[in-house]
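As a plain string of letters, each chain reads:
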Amino acid sequence: MSTQLELASRLIDCRRYSEALDILESPPFHPSSDWLVQHRRCLARMLRFAEAAEVGRRVLAGDDVPAVEWFRQSQILVRAGLLQEAVQAAEQALVRSPQAAFLPPLIEALLRDPGLMQMAGPLLEALAEQRAETPAGTELHDGGVQGDASVHVPMRLPYYAPLCADHPFVMGWVHQTSSLRFLIGQGPADFSGLSDAVNFARKHFTKLLHLHPTVTVEYAAAYVSSRFESLLYHSPGSLIDFMSMAVMSLGQRPYLLAFDYIPSLFHPFFAYEDMAVDRNSPFYWIVRESLENSACLAIITTYASSGDMLERYFSSQHIRKKCVFINPCFSIDETMNEIEQEDVADRESNTILFTSSRHATGENFYARGGVDVLNAFEDLATSFPDLRLILRSPLPATLSSRLRQLVDTHPRIEHYPDPMPWPEFRRLFQRASIFALPGVTAYRNGLVQAMGWGVVPLVSDGAHMADLVEDGVTGTIVPGRAALSCFDEASGCMIQRWACLLQETDAPADPVFAARYRDALRGLLEDPDRLAQLRQANMSRPNLNRMTADDLIRFQSTISAALDQAKCRKING
């Protein structure tokens, strides 16, 4: 990849689309296919779909064009309203690589224009002749008294991958509930039922058209097609689906949702870092219906305030009544045993810990405030010669060369880019004194784990932080980030406005907040007695916000009740 093309690609990753487009619209005399692919990508990210489609036609004019490029073109063509051409591009993708992931734009086009079924019919019939030959999933536990029915857990299936939904706290619940049977979906997709799936999707599409005046053909088709893949994965013996983050289903089976945060519910219709969704959005009404629907048996929340937030945002007591608060399990490797004082006896006095998710992405590093942490450490390292930073996170490819060099060369920065086995990860909590999280939202697992080990949290006022940290009692909350990710009560709008954090890869995106955060860090370092007081407050209740035996009982009871409801419905037809 040429230097200019690499720069353009990184600018796109940083959401600096106009700068990337300036480069891409001044191409070499004969732009390569890679150049054209990035040009199309940039235009599509800017929602300029007709122009993206035109560039995409040049991509497809090359030799040996891979299936994925035909698929991406079909997605863009649907957004541009060029439905017949979208069907043709989707067919080319599926002929080259018949996989379920390439079906959504084809289904969306067929829902929007049923007359195109004549064109697509032969391909759908050919796909339906293919049979899945490998198991549909892996079964966990013998099931105990309810062993005649299982709970389907689809989060490892391909259509869930963009959500990173195979989350440790979800699988922790599953692994520790030995009295019930769980079927962990593995695929592959089975096309033999494709005709029935299309008919089911069409019925759901028709139902959505009567939901609300804002839900037009275009929006109903987009939603149904985005969940269409879920119809193609079998789960023998399963009565219910147990999903996380978003309802990735069309209600073909009753389901429970492990809810995290409202923006995830709208996947994949908005850029996660740049969205504003209120009652004027068709997807507001569609998602609301998916939670109020009788197929949704329960909503498991992991923040105490989530149930009330869902009720206020969707103006729905019905949704609120389905909510059950359960503290999550962090990892199947970590037990619920209490932490002993001697476990942290050798804590290092001025050591900052910054961690990332097991499913870390570049966006995750920025959303957690990684740039602010690195700059704060650099500013304070000279004044505090014993200050150390433990960085358990990969560095995003877009990070500035200056900050990358700081991590690579500073003698008091320890960098662990990869996920670690629990005994090694636990050692980081035992060593650290301050947990740094100036993020846009609370990343629950690492924060609560750190507090349980007596690591004092220094966090922003991002979403749900106050659910977990009591300012001045168990940690310090620094104001200045709340507006980037919040439910605005006055407008009734769910807002995500933190693309700025992705755009600024060297200096902090908000210098005022960054200075405030650095000064709060300095205050903790200069006042070891206060730091010790906060640490002791956490150590005195190490299981606060952590899963206990009572939480596990609530989880088991919630799943069991859902299975009972599903059985009754099946018996009653």
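Refer to the preceding data block for the structure.
Just so we're clear, the structure is a prediction, and the values are computed from it rather than from any experiment. (Residues numbered from 1 in each chain as written. Predicted model: local features only at pLDDT ≥ 70, side-chain atom pairs only at ≥ 80, totals over all residues. Heavy atoms only, no water.)

1. Structural notes on the overall build of the protein chain
Rule in force here: Per the convention used, a helix needs a DSSP run of H or I reaching at least four residues, while a strand needs a run of E reaching at least two, with both numbered from the N terminus. We compute the radius of gyration from the C-alpha atoms alone; for a globule the expected value is 2.2 Å times N to the 0.38, where N is the number of residues. Type-normalised accessible area, obtained with a 1.4 Å probe on protein chains alone, sets the label of each residue: buried when under 20%, exposed when over 50%, and partly exposed for intermediate values. Only heavy atoms enter the contact rule, under which two residues are in contact if any of them lie within 4.5 Å. Note on areas: these come from Shrake-Rupley sampling with a 1.4 Å probe, and a residue is covered only by the protein chains present in the view. Positive residues here are Lys and Arg, negative ones are Asp and Glu, while His and the chain termini are left out of the count. Note that the charge is assigned to NZ on lysines, CZ on arginines, CG on aspartates and CD on glutamates.
Scanning the protein chain from N- to C-terminus turns up 24 helices and 16 strands. Since a compact globule built from 573 residues should have a radius of gyration of about 25 Å, the 25 Å found for the protein chain is in line with a globular shape. A principal-axis box enclosing the C-alpha atoms of the protein chain has dimensions of 75 × 70 × 45 Å. A buried classification covers 56% of the 573 residues belonging to the protein chain. In the protein chain, once contacts between residues fewer than 6 apart in sequence are set aside, the share between residues at least 24 apart is 70%. When the accessible surface of the protein chain is split by element, carbon and sulfur atoms take 50% of a total near 23400 Å². Averaging the coordinates of the 52 positive side-chain charges in the protein chain and doing the same for the 68 negative ones gives two points 2 Å apart.

2. Section: empty space enclosed by the protein
Taking a probe equal in size to a water molecule and rolling it over the atoms shows the remaining empty space. Here is the rule we go by: Only protein atoms enter the 1 Å grid, on which a cavity is a set of points fitting a 1.4 Å probe that cannot get out and a pocket is an open set with protein on both sides within 12 Å along at least 5 of 7 lines, lining residues being those with an atom within 4 Å of a point. Grid points are joined across faces, edges and corners, and a volume is the space filled by probe spheres set on the points.
Scanning the entire structure with this criterion turns up 4 cavities of 30 Å³ or more. Size it by volume and the second largest cavity reaches roughly 60 Å³. Elements that contribute at least two residues to the lining of the second largest cavity include exactly α19 (444–452) and α23 (528–539). Tallying contributions element by element places α19 first for the lining of the second largest cavity, with 3 residues.

3. Observations concerning the sheet that holds strand β15 (residues 485–488)
Note the threshold: The pairing criterion is simple: DSSP has to find at least two bridges between the two strands. As a rule, the C-alpha atoms of each element are fitted with a line to give its axis, helices using only the stretch in contact, and angles between N-to-C directions run from 0 to 180 degrees.
Judged by pairing direction, the sheet is antiparallel, and its 3 strands sit side by side in the order β6-β16-β15 without closing on themselves. Edge positions in the sheet fall to β6 (274–277) and β15, since each has one partner strand and no second. For this sheet, the mean inter-axis angle between neighbouring strands, taken without regard to orientation, is 15 degrees. With 4 bridges connecting them, β15 and strand β16 (residues 493–497) associate as antiparallel partners. Across the sheet, Ser485 pairs through a bridge with Gln496, a residue of β16. Along the sheet, helix α13 (residues 306–314) contacts β6, β15 and β16; its crossing angle with β15, the most-contacted strand, is approximately 55 degrees.

Read these as geometric descriptors, not functional statements.
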